[in-house]
Amino acid sequence: MSQRVSDGVEFIPRPEKTPASLKAALAVVAADRLPEMAEGQTRAMAGAPEAGSINPIRAFVAHWAAVVEIERVPATAQAYHRANCLANHAATVEECRRHATDVATIYRSAFAAANG
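Owing to the predicted nature of the structure, the values given are computational and were not obtained by experimental measurement. (Residues numbered from 1 in each chain as written. Predicted model: local features only at pLDDT ≥ 70, side-chain atom pairs only at ≥ 80, totals over all residues. Heavy atoms only, no water.)

K.L.:
Looking at this model, I keep getting lost on the packing of aromatic side chains. Mind explaining?
P.N.:
The geometry of an aromatic ring pair is captured by two quantities: the separation of the ring centres and the angle between the planes. Counting across every chain of the model gives 1 aromatic pair. Look at tyrosine 107 and phenylalanine 111: their rings are 6.1 Å apart centre to centre, the planes differ by 35 degrees, and that puts the pair in the tilted class. Linking tyrosine 107 with phenylalanine 111, this pair stays in helix H5 (residues 93-115), spanning 4 residues, or about one helical turn. Note on phenylalanine 111: relative accessible area 33%, which makes it partly exposed. (Phe/Tyr/Trp six-rings, centres within 6.5 Å; stacked < 30°, edge-to-face > 60°. Helix = DSSP H or I, 4+ residues; strand = E, 2+ residues; numbered from the N terminus. Buried < 20%, exposed > 50% of the residue type's maximum accessible area, 1.4 Å probe, protein only.)

K.L.:
What exactly am I supposed to notice about the side chain of histidine 99 here?
P.N.:
Positionally, histidine 99 belongs in helix H5. Not counting the four nearest positions on each side in its chain, histidine 99 is found in contact with Ala83, Leu86 and Ala87. (Contact = heavy atoms within 4.5 Å.)

K.L.:
What should I look at first to understand the nonpolar core in this one?
P.N.:
Here is a general trend for soluble globular proteins: nonpolar side chains tend to be buried in one another's company. With 15 residues, the main nonpolar core has Leu22, Leu26, Met37, Phe60, Trp64 and Val68 as its most contacted residues. Contributing elements (two or more residues each) for this core: helix H1 (19-29), helix H2 (34-51) and helix H3 (55-71). A per-element tally of this core places H3 first, with 6 residues. Every residue in contact with valine 68, bar those within four places of it in the chain, is listed here: Pro15, Leu22, Ala25 and Leu26. Within the second largest apolar cluster, 7 residues are counted, among which are Ala77, Ala83, Val103 and Ala110. (Core = buried A, V, L, I, M, F, W, Y, C linked by side-chain atoms within 4.5 Å.)

K.L.:
Even after reading the chapter, I still don't get H5, so can you show me in this structure?
P.N.:
Helix length check: H5 (23 residues) gives 32 Å between terminal C-alpha atoms against 33 Å at 1.5 Å per residue, within 8%. Within H5 the residues assigned to the buried category are His99, Val103, Ile106, Ala110 and Ala114. Lining the buried residues of H5 we find H3 and helix H4 (74-88). (Expected span 1.5 Å × (residues − 1).)

K.L.:
Sorry, what's going on with the side chain of arginine 33 here?
P.N.:
Mapped onto the secondary structure, arginine 33 falls in the loop between H1 and H2. Taking relative accessible area as the criterion, arginine 33 reaches 18% and is therefore assigned buried. Not counting the four nearest positions on each side in its chain, arginine 33 is found in contact with Leu26, Trp64 and Val67.

This is how it looks when you write it as C-alpha cells:
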C-alpha cells in the first residue's frame, strides 16, 4: 500500500454483499478489523434465533458493507478516520459534535452506496 492513490480511486472493487466476500475485502482494506467483524458475525448468528428473525444477520451484512465501502476508497477512508480522530480528541463539545457529524455523514453515505 505504498502507492499513492488519487481522490475517487477505488483500492478494490465493491464486493458482493455476502459475509465471505465482505470478509475477503476487509482482509485487504482493513485487516486489523477482522476480529471485530468475526465477533459481530457471532453476535448476529446468535441473535437471529433469539429474535426469531434474520434481521440481525441482515444488519451485520449491511454494516460491514458500509465499512468496506468506506475503506475501499482511500480518500473516503482518510476523511472518515480523520474526522473520527478529531471527534475523539476535540477540545470542546461543539468541536466534537461537528466532527462526529462528519463521521456520521460519511458512514450514512457509504451505507447508502453499499446497500442502496
